[in-house]
Amino acid sequence: MENLSLSCRDDMITAKLKNEIDHHSAVAVRTEIDNMLYKEMPKRLIFDLSEVNFMDSSGLGLVLGRYAKAKELGIEVIIKNPSKRTEKIFRMAGTDKFIKIIHDKEI
């Protein structure tokens, strides 16, 4: 899938989103992440957004929906390396109040 690379190691799933996350790509990405969440039952889900060059409200909905599922399963969610524009979308939506946003320099 060109918009998503998934990896799982050490009780952690990393969902590296790429390119544009919009209505068209969000559905397939959501299904892939959900399938891996239920299969692996990790302790942490990390959304690596370092290669996202565009995200609209569908991308925000994708992350928030996965957060809701993860919370039900006791899985921590982290947003990693969003662009300034993408981070602004999350902060304007108040997402940063309940999902930790980190950058490589903070790890």
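Scoring rules and cut-offs
- Starting afresh in each chain, residues are numbered from 1 along the sequence in its written order.
- Only residues with pLDDT of at least 70 get local features here, since the model is predicted, and only at 80 or more are side-chain atom pairs given and counted; chain-wide, interface and lining totals rely on the full set of residues.
- To get the side-chain values, all heavy atoms of the structure are used, and hydrogens and water are removed first.
- Under the DSSP-based scheme used, a helix requires at least four consecutive residues in state H or I and a strand at least two consecutive residues in state E, with every element numbered from the N terminus.
- Buried residues are those whose accessible area, probed at 1.4 Å on protein chains only, stays under 20% of the maximum for their type, while exposed residues exceed 50% and partly exposed ones sit between those limits.
- We call two residues in contact when some of their heavy atoms are within 4.5 Å.
- Two strands are counted as paired when DSSP detects at least two bridges linking them.
- Angles here are taken between N-to-C directions and fall from 0 to 180 degrees, while the axes themselves are lines fitted to C-alpha atoms, restricted in helices to the stretch in contact.
- In this analysis, rings of Phe, Tyr and Trp, with Trp reduced to its six-membered ring, are considered paired at centre separations within 6.5 Å, and the interplanar angle assigns stacked below 30 degrees, edge-to-face beyond 60, and tilted for intermediate values.
- We define a salt bridge as a contact between a side-chain nitrogen of Lys or Arg and a carboxyl oxygen of Asp or Glu at a distance within 4 Å.

Colleague: Help me understand the side chain of E87, please; the structure alone is not making it clear to me.
Modeller: Structurally, E87 is set in helix α3 (residues 84–92). Given a relative accessible area of 14%, E87 falls into the buried group. Setting aside its immediate chain neighbours within four residues, E87 contacts P82, I101 and H103.

Colleague: So what exactly am I meant to see when it comes to the sheet that holds strand β2 (residues 12–21) here?
Modeller: Backbone-to-backbone hydrogen bonds pair the strands of a sheet. The strands run either parallel or antiparallel. Taken in spatial order, the five strands of this open sheet run β1-β2-β3-β4-β5, and their pairing is mixed. Each edge of the open sheet is held by one strand with a lone partner, namely β1 (4–9) and β5 (100–102). Put simply, the sheet's adjacent strands are angled 20 degrees from each other on average, direction ignored. Two strands pair when backbone bridges link them, and β2 and strand β3 (residues 44–55) are joined in this way by nine bridges, in the parallel orientation. Note that in β3 the partner of K18 across the bridge is E51. Against the sheet, helix α1 (residues 23–40) touches β1, β2 and β3, its axis set at about 10 degrees to β1. Set on the sheet, α3 makes contact with β3, β4 (76–80) and β5; between it and β3 the angle comes to about 120 degrees.

Colleague: Even after reading the chapter, I still don't get the environment of I13, so can you show me in this structure?
Modeller: Here I13 shows up in strand β2. Residues I13 and I46, 33 residues apart in the sequence, show an inter-C-alpha distance of 6.2 Å. For I13, the contacting residues outside a window of four places in its chain are L6, S7, C8, M36, L37, E40, P42, R44, L45 and I46.

Colleague: Would you take a moment to explain the packing of aromatic side chains for this structure?
Modeller: The geometry of an aromatic ring pair is captured by two quantities: the separation of the ring centres and the angle between the planes. Considering all chains together, one arrives at one aromatic pair under this definition. Pairing Y67 with F98 gives two aromatic rings, centres 5.0 Å apart and planes at 50 degrees, and the pair type is tilted. Taken together, the residues Y67 in helix α2 (residues 57–73) and F98 in the loop between α3 and β5 connect sequence positions 31 residues apart. We classify Y67 as buried; its relative accessible area is 17%. In this structure F98 comes out as partly exposed when scored by relative accessible area, which is 41%.

Colleague: Where do I start with the pattern of salt bridges in this structure?
Modeller: Once their charged atoms are close, side chains differing in charge can pair, the charge on each being opposite to the other. Evaluated as defined, the whole model comprises nine salt bridges. Residues K16 and E51 are paired through a salt bridge, measuring 3.2 Å at the closest nitrogen-oxygen approach. In this pair, K16 sits in strand β2 while E51 sits in strand β3, placing the two residues 35 residues apart along the sequence. Take K16: its relative accessible area is 22%, and that puts it in the partly exposed class. For E51, a relative accessible area of 40% translates into the label partly exposed.

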